[in-house]
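Examining the three-dimensional arrangement
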Amino acid sequence: MAFLGSAVWRVFSAVRPPLSPLCRTSTRSYSSKPTKEKSVPYEKTLKQEDGASSGPTKPLPRSADAVVIGGGSLGCQTIYHLAKMGMTNVVLLERDRLTAGTTWHTAGLLWQLRPSDVEVELLAHTRNVISKDLEEETGLHTGWIQNGGLFIASNKQRLDEYKRLMSLGKVYGIESHVLSPAETKDLYPLMNVDDLYGTLYVPKDGTMDPAGTCTTLTRAATARGATVIENCPVTGIQVRTDDIGVKRVKAVETQHGTIETPCVVNCAGVWATKLGEMAGVKVPLIAMHHAYVVTERIEGIQQEGKKGSKKKSVKAVEEGYLLKSQHCRFSKLVCFRGKREKVNVWCYFKVTQGFKVIGSKPVIYYQCAFYLIIYFFNISQVSDKFSFSLFDLDWDVFMQNIEGAVNRVPALEQTGIKSTVCGPESFTADHKPLMGEAPEVRGFFLGCGFNSAGMMLGGGCGRELAHWIIHGRPEKDMYGYDIRRFHNSLTDNKRWIRERSHESYAKNYSLVFPFDEPLASRNMRKDPFHQVLTEQGCMFQERHGWERPGWFNKEGPAPVKDYDYYGAYNVKRNEKYKYNELLGQEYTFDFPPHHDVIKNECLSCRHSVAVFDMSYFGKFYLTGPDAKKAADWLFTADVNKKPGTTVYTCMLNKRGGSEADLTVSRLEPGVANLPLAPESSGDAYYLAIGGGVAEHNWNHIKTVLQDQGFRCQLADHSEDMGMISIQGPKRLEQPEAFLHNQAPPSASWSNQQPTTRLHHQLAGPASRPQTGSTISQQATTRLHPQPAGHTARLYHQLAGHTARLYHQPTGHNQAPPSASRSTQQATTRLYHQPAGHTARLYSASTSNNQAQPSAHSQAPPSPTRPHQLAGPSQQATTRLHHQPTGHNQAPPSASWSKPAGHNQAPPSASRPHSQALPSANRPQPGSTISPQPGSTITYQATTRLYHRSTRSISSSLTPLPSQVRAMRLSFVGELGWELHIPKDSCLPVYHAVMAAGAKHGIINSGYRAIDSLSIEKGYRHWHADLRPDDTPLEAGLAFTCKLKSSVPFQGRDMLEKQKKEGLKRRIVCFTTDEKVPMFGLEAIYRNGVPVGHLRRADYGFYIDKTIGYGYIRNPDGGVVSANFIKSGEFTLEKMGVVYKAKAHLKSPFDPENKRVKGIYD
């Protein structure tokens, strides 16, 4: 303890005997028993006397429109905003007294700047409610004190972060100033500034009284008709199943009665998990210890500074502050941060208020003290009876962090400790709250897991949650808080919850860098390419539990290791951890050292060819009697095109906001052939969705199907398929090259039409398939023109059907297709499905919405269904598909190897090639069509590929056919293909692609390259430049909306209204000539006036410029027209530095869409 000030240690030594067992120095011990005789805030005013109450404070109503459970910050804010929005038949149930759980001992801080535009808006609403609205409505003071905030930077990166926040704050009118160390010392004389880089001063930050705030909120809510009942624990939640099998909230049970309600709001804090279990809802959070000490009064902290003693640049700040801070003018909210491996430290000065009654009049008084907060990662089992209670403080851990506090404020060395507090706080896996309707039960809403930020975020989140309950969606983009941001396989995974929550706690006060990745609970979901890409140096990113490629390290493999808890808790720290070392190089607001590596990946795609592993994509099938009706209602674009087409589209909420962008492919009806095609006798659709938001999309679709009563099935086969995208100009020169690197003899095939041969070679020249083992398809490439700067996709239209190779297993006696059939011919197709295959299935027409693996693991009963065969590792089912006359051509016999025991002769070599379709029915080479806006189309070519049998111990090839769904799609602005591949065939196809592209210099590329290439082309990223509070019209995606048709779709009425009134905000592309890194949140100025901020920014390597996209508004509130954009002079502010920018109405890269048409000048 040599580092401690003598006075501080004397205080600790003096207080240890009377405070025992709180100040133990032996083995750490935690207790759920209340601490006794401690001078903790509100102990005397809030804690009830024994026997004061034995039942509910009010009678329970028989029914309510909503029941909020939990009387802390979020519960009180939610019922207040529900009542304010007009839902007055609402009830709040608190098991003890208001704030009794964790809210009563919270610090009550409120600052205005966070590295998120949404959070800045949420904080602003909380501040308005606490500082103005409540006092105006009730006449009661909430305990709000505007004492200002001073945030300290002890390194350059921290100061850079504060500069970013300052620039963002200017867009929202938030006053803030970056101060030098000298200016900081002048503003706060008690601080040691010798080792500082600077500070961020926010004059209008402040603190609030938790008890006073919650009391005032409930007073305002009850005045509008809401009911608040204390001393009423919830004992159960009743759930019913409706006519279509959907689980819904029915009632809330207590010891004193039952309240029927269709809506429950879980605001139970650290007890939220237990409350969720009552309804069968998973709530992924854990409780941790939150501790702080309160010092005695520090002399000099309340004295006023001398006016005029500051430099001019600071004087105005001081004067503005002095005018507004009425009670304790020099007591700033001073925050400085430190981090150890086992604890987080947050130190601040706070003005604490209290109440005294003089005569008959309550008088507010203030005292100033120093608070040192520590977060211990110790998972607490919190008792149901835990009320206004605390845990024992671990002095051993606490004392390790005093040194930094004394260094920053030397006066602490002579200051004693007045009281200690150690209570539970709930933490989540990504350090963000859990909100929204639970996927498991309709009507069960979450408002919990606030990671010690419940007071400051409470007002904004309470309003959004109330809007969510009443209108079905929040007003703002709350995806970052939505429980549906987590994949369903993770939310009850104990390892994932514990490890991720620990890491989120460990990084509680860490800098937020643009490209940071978690180290905890990695490798939860891996695609078939994971190992081979790891060996090639892939630096993976984590999204939705998936490992997806970020970029490729040229220095060799950098695998992700198991989480080591940063060496804490006797876990050995990972040594020579290459992944962590490379990740550390990302911790900068400048270009990272591997900037040139990403540049090479991007330019290889632009000049040659690149392969992207996109297997983490969500892959859903929509089928059922009402599938067409559902597709019309769900999707903004007309997806009901000819079977075999793919359309880029959006899905909207009721307010016209974009809930998703995705591609939808209409499939031909037929028997089941999963995972490449579902069983359907009617309309069927294949949905490909960004993997990071797949769970959100799944639940959005499911909710719409339920609300509209569509009889549909939604099946999730994301785990069953891999997906690679092959992009670049070399892909166009030889379109067959990536699945075919040796053309068969021309005599084997008719050349009546341009032919794309899709063929898979395995090992090398010595083991390649024999002559004739190719697939021939007659192909014409078509163009669909689209508005400049938007998603333009090509499609590949077959002039004839695909001839398919077939292989009949040993003992199969069925004859092959006969050439004598005059109308239709059947080609036997073999489909392999992994043993134990399980598909997530949702049916809107049955009572069982759980996974039904058996429903799609076999073909349906049919007179034409051949027998099923079982193999050592997988089951093979032979499917019968019908092909039109003239398309039953088998490959030449030279390629056929008769399996042992097979009784059927191979196809005859003398069989002529099938006659092509009549010229009137087939598209001509090079011809084009003009579909409706949004109908960007691709033909999904089903191909047969050979691969080496995993059951073969010889080097010979075994003809095991596989299917690949090939789509003419691009997300990088090049002509390319997406290949959707069954899981077992992924690696053979990948190796074939890489071998065929070797002569073109084909390389692997990751999502860092996709981010750059896509922003260069102007393609949207959902939840970046396209969010639930953005309409397609504002986002420049009007071409995806079927507004010229009469077909209704969700949100159409809002779009029509917006189109009529004109756009008050719209997305604009900006570029800067200066090569400066930008990442989003930079302020946008038009003629010197802030009009918005960048949502997304990156560097465009092909055009060699920084590119950013952001939504701008007209400061006068008028329409943002093209002329408004053209006539303005724009600048971008990054970290306080202003750069000239050029606004673009079209994409700065390939604005005429030539490259996606295959036109390379």
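Since we're looking at a predicted model, the values are computed, not measured. (Residues numbered from 1 in each chain as written. Predicted model: local features only at pLDDT ≥ 70, side-chain atom pairs only at ≥ 80, totals over all residues. Heavy atoms only, no water.)

Another point: empty space enclosed by the protein. Here the second largest cavity defines a volume of roughly 170 Å³. Lining of the second largest cavity is provided by 15 residues; of these, F515, F591, H595, R1008 and D1098 occupy positions nearest its centre. Sort the elements by how many residues they give to the lining of the second largest cavity and strand β42 (residues 1089-1100) lands first, with three residues. Residue composition of the lining of the second largest cavity, by class: ten nonpolar, two polar and three charged. (1 Å grid on protein atoms, 1.4 Å probe; cavity = no way out; pocket = protein on both sides within 12 Å on 5 of 7 lines; lining within 4 Å. Points joined across faces, edges and corners; volume = space filled by probe spheres on them. Helix = DSSP H or I, 4+ residues; strand = E, 2+ residues; numbered from the N terminus. Nonpolar A, V, L, I, M, F, W, Y, C, P; charged D, E, K, R; others polar.)

A regular strand places its side chains so that they alternate between the two faces of the sheet. The buried count for strand β26 (residues 684-689) comes to six of six residues, which makes it a mostly enclosed element. By the alternation rule, side chains of β26 split into A684, Y686 and A688 and Y685, L687 and I689, which are all buried. Looking at chain direction, strand β23 (residues 618-623) and β26 are connected through six bridges and run antiparallel. Residue T623 lies in a different strand from β26, and its bridge partner there is A684. The pairing of strand β25 (residues 658-667) with β26 spans five bridges and is antiparallel. The residue of β26 that forms the bridge with L667 is A684. (Buried < 20%, exposed > 50% of the residue type's maximum accessible area, 1.4 Å probe, protein only. Pairing = 2+ DSSP bridges.)

With that out of the way, let us pick up the packing of aromatic side chains. In the structure shown here, the tally under the stated rule is 22 aromatic pairs. With a centroid separation of 5.2 Å and 15° between ring planes, the pair formed by F513 and Y587 is classed as stacked. Residue F513 is located in the loop between α13 (494-506) and α14 (530-535), and its partner Y587 is located in the loop between α15 (578-584) and α16 (595-607); the two are separated by 74 residues in the primary sequence. These aromatic residues form a ring-pair network of at least three members: Y563, Y565, Y566 and Y569. The ring centre of F1149 lies 3.8 Å from the NZ or CZ of R606, which sits over that ring. The ring of Y1102 carries R1155 above its face, with NZ or CZ at 5.2 Å from the centroid. (Phe/Tyr/Trp six-rings, centres within 6.5 Å; stacked < 30°, edge-to-face > 60°. Lys NZ or Arg CZ within 6 Å of the ring centre and 35° of its normal.)

Before going further, it helps to spend a moment on helix α21 (residues 1007-1017). Of all eleven residues in α21, eleven are buried, a share of seventy percent or more. Y1007, R1008, A1009, I1010, D1011, S1012, L1013, S1014, I1015, E1016 and K1017 are the residues of α21 that are buried. G1018, located one to two residues past α21, shows a positive phi value of around 90°.

Attention shifts here to the sheet that holds strand β41 (residues 1083-1086). The six strands are arranged β40-β43-β42-β41-β44-β45 in a closed barrel whose pairing can be described as antiparallel. Geometrically, the sheet is characterised by an average inter-axis angle of 40° between neighbouring strands, direction not taken into account. When strand β44 (residues 1130-1134) meets strand β45 (residues 1137-1144), the two strands line up antiparallel, connected through five bridges. In the strand pairing of β45, T1131 is matched with K1140. With respect to the sheet, α21 is in contact with β42 and β43 (1105-1113), its orientation differing from that of β42 by roughly 125°. (Axes fitted to C-alpha atoms, helices over the stretch in contact; angles between N-to-C directions. Contact = heavy atoms within 4.5 Å.)

Moving on: helix α4 (residues 117-138). Given a rise of 1.5 Å per residue, 22 residues ought to cover 32 Å, and the 30 Å separating the end C-alpha atoms of α4 matches this to within 8%. Of all the bends in α4, the greatest, near 45°, is centred on V129. Looking at the residues trailing α4, positive phi occurs at G139, about 80°. (Expected span 1.5 Å × (residues − 1). Bend = angle between axes of the 7 residues up to and from the residue.)

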